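What follows is each chain in one-letter form.
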Amino acid sequence: MQFRQKALSKLQSPEELDVPVRFARPQGRLVLAVTVAVMAAATFWAVTGTVTSKVSAAGVLTHAEGSYLLQSPVAGQVTRVLADEGRSVAAGAPLLMVRTASGDRPVRAVAGGRVTTLYARTGSVVTTGADVATVERVTDPKAPLTAVLYLPGESAATLRAGAPVDLGVQAVPRDRFGVLRGRVREVSRTPQTPQRIAAFLGDNGLAAQFARQGQGTPVAVLVDLERSTTPSGYAWSTAGGPPHALASGTPVTGAVHLAAQRPVDWLLP
């Protein structure tokens, strides 16, 4: 009670009314100024800034027309192999001869292109429908390569033609030569079953691998590679890229840049 009486008496005394009141210390004013500046910068960025994101997926380098698996129409023993890997063949050209009960029968190319893989060898036995070769549908060896990426359908729905793509090439060290540059040409809206993927790539193993990626059935994204005067013929994130050409069938990992978006959606009345 004695302390309270002294406090009340001091409040009623006018002798200190002319003493200035200190509302905040200098340190407090500094903290307040910094807080206001940070809030102003955050508000400005929320109004004018953008956020970019990426979608990643595995794929492969190929030519735009793809490849196909050549299958034997007959069963028997391979007596001759008439084509070499890496050589071009015309549509209808015989790739190998198979000895059947009714004599030797040729296995012919369904469409013209370049033989990339021969599964059958002289002396091997094949059954009807067995894979004997992979043929890439390309008549011009200098035709540019294309990257095909396989993304889950829900991810590919946000992609648009022209979006930039960074491609990490499996056979090229990224820390030395960087990534390959490209742009989305087309986003397929047709679900890619393992059978469809195998029919385009001519490789059942890759088809099974890409079909297992993500959730649901994937879709194909075609990526045009940016051309350049580098040894590989394409543009890289480094000055020159690798000192060699790129081969069709090389696995890649692509990062597709999505369109920039505002960090905050403002709702106006």
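Here is what the cut-offs are and how they apply
- Residues numbered from 1 in each chain as written.
- Predicted model: local features only at pLDDT ≥ 70, side-chain atom pairs only at ≥ 80, totals over all residues.
- Heavy atoms only, no water.
- Salt bridge = Lys/Arg side-chain N within 4 Å of Asp/Glu carboxyl O.
- Helix = DSSP H or I, 4+ residues; strand = E, 2+ residues; numbered from the N terminus.
- Buried < 20%, exposed > 50% of the residue type's maximum accessible area, 1.4 Å probe, protein only.
- Pairing = 2+ DSSP bridges.
- Axes fitted to C-alpha atoms, helices over the stretch in contact; angles between N-to-C directions.
- Contact = heavy atoms within 4.5 Å.
- Parallel < 35°, antiparallel > 145°, perpendicular 65-115°, else oblique.
- Left-handed = near helix turned anticlockwise from the far one by under 90°.
- Nonpolar A, V, L, I, M, F, W, Y, C, P; charged D, E, K, R; others polar.

Quick look at the pattern of salt bridges
Here's step 1: Summed over the entire model, instances satisfying the criterion amount to seven salt bridges.
Here's step 2: One salt bridge connects Glu 85 with Arg 121, and the closest N-O pair in it is separated by 4.0 Å. Here Glu 85, found in the loop between β3 (76–81) and β4 (88–89), pairs with Arg 121, found in the loop between β7 (113–118) and β8 (125–126); they are 36 residues apart in sequence, far enough to count as distant.
Here's step 3: The exposure class of Arg 121 is partly exposed, given its relative accessible area of 45%.

Quick word on the sheet that holds strand β1 (residues 54–62)
Here's step 1: Around the barrel, which closes on itself, the six strands sit in the order β1-β10-β13-β12-β11-β14 with antiparallel pairing between neighbours. With strand direction ignored, the average angle separating the axes of adjacent strands in the sheet is 40 degrees.
Here's step 2: Of the strand pairs in this sheet, strand β12 (residues 180–187) and strand β13 (residues 218–225) are connected by five bridges, and their pairing is antiparallel. Considered in β13, the bridge of Gly 182 is made with Leu 225.
Here's step 3: Sheet contacts for helix α5 (residues 194–201): β1, β10 (146–152) and β13; angle to β10, the most-contacted strand, approximately 175 degrees.
Here's step 4: Strands in contact with helix α6 (residues 204–211) are β1, β10 and β13; relative to β1, the strand with the most contacts, it is inclined by about 175 degrees.

Some points on the packing of α5 against α6
Here's step 1: Orientation of α5 relative to α6, taken along the N-to-C sense of each, is 135 degrees, at an axis distance of 8 Å. The orientation of α5 relative to α6 falls into the category oblique. By crossing handedness, the relation of α5 to α6 is classed as right-handed. Here α5 contributes Pro 194, Ile 197, Ala 198 and Leu 201 to the contact with α6, which in turn contributes Asn 204, Leu 206, Ala 207, Phe 210 and Ala 211.
Here's step 2: Class assignment of the residues belonging to the contact of α5 with α6 gives a composition of eight nonpolar, one polar and no charged.

Remarks on the pairing of β1
Here's step 1: Judged by how many residues are buried, β1 sits mostly within the fold: seven of nine residues are covered.
Here's step 2: Taken together, the seven bridges between β1 and strand β14 (residues 251–257) define a ladder with antiparallel strand orientation. Paired with Ser 56 across the strands is Ala 255, a residue of β14.
Here's step 3: Relative to β10, β1 is paired through four bridges, and the arrangement is antiparallel. If you follow Leu 61 over to β10, its bridge partner there is Ala 147.

Some details on the environment of Pro 173
Here's step 1: On the secondary structure map, Pro 173 appears in the loop between β11 (164–169) and α4 (174–177).
Here's step 2: Taking the C-alpha atoms as reference, Pro 173 lies 9.9 Å from Gly 241; in sequence the two are 68 residues apart.

A few points about the sheet that holds strand β5 (residues 94–100)
Sheet strands line up and pair through hydrogen bonds in the backbone, either parallel or antiparallel.
Here's step 1: Read across the sheet, four strands follow the order β6-β5-β3-β8 without closing on themselves; strand pairing throughout is antiparallel. The two strands at the open ends of the sheet, each matched to only one other strand, are β6 (103–108) and β8.
Here's step 2: Here β3 runs beside β8; their pairing, made up of two bridges, is antiparallel. Residue pairing in the sheet places Gln 77 in a bridge with Val 125 of β8.

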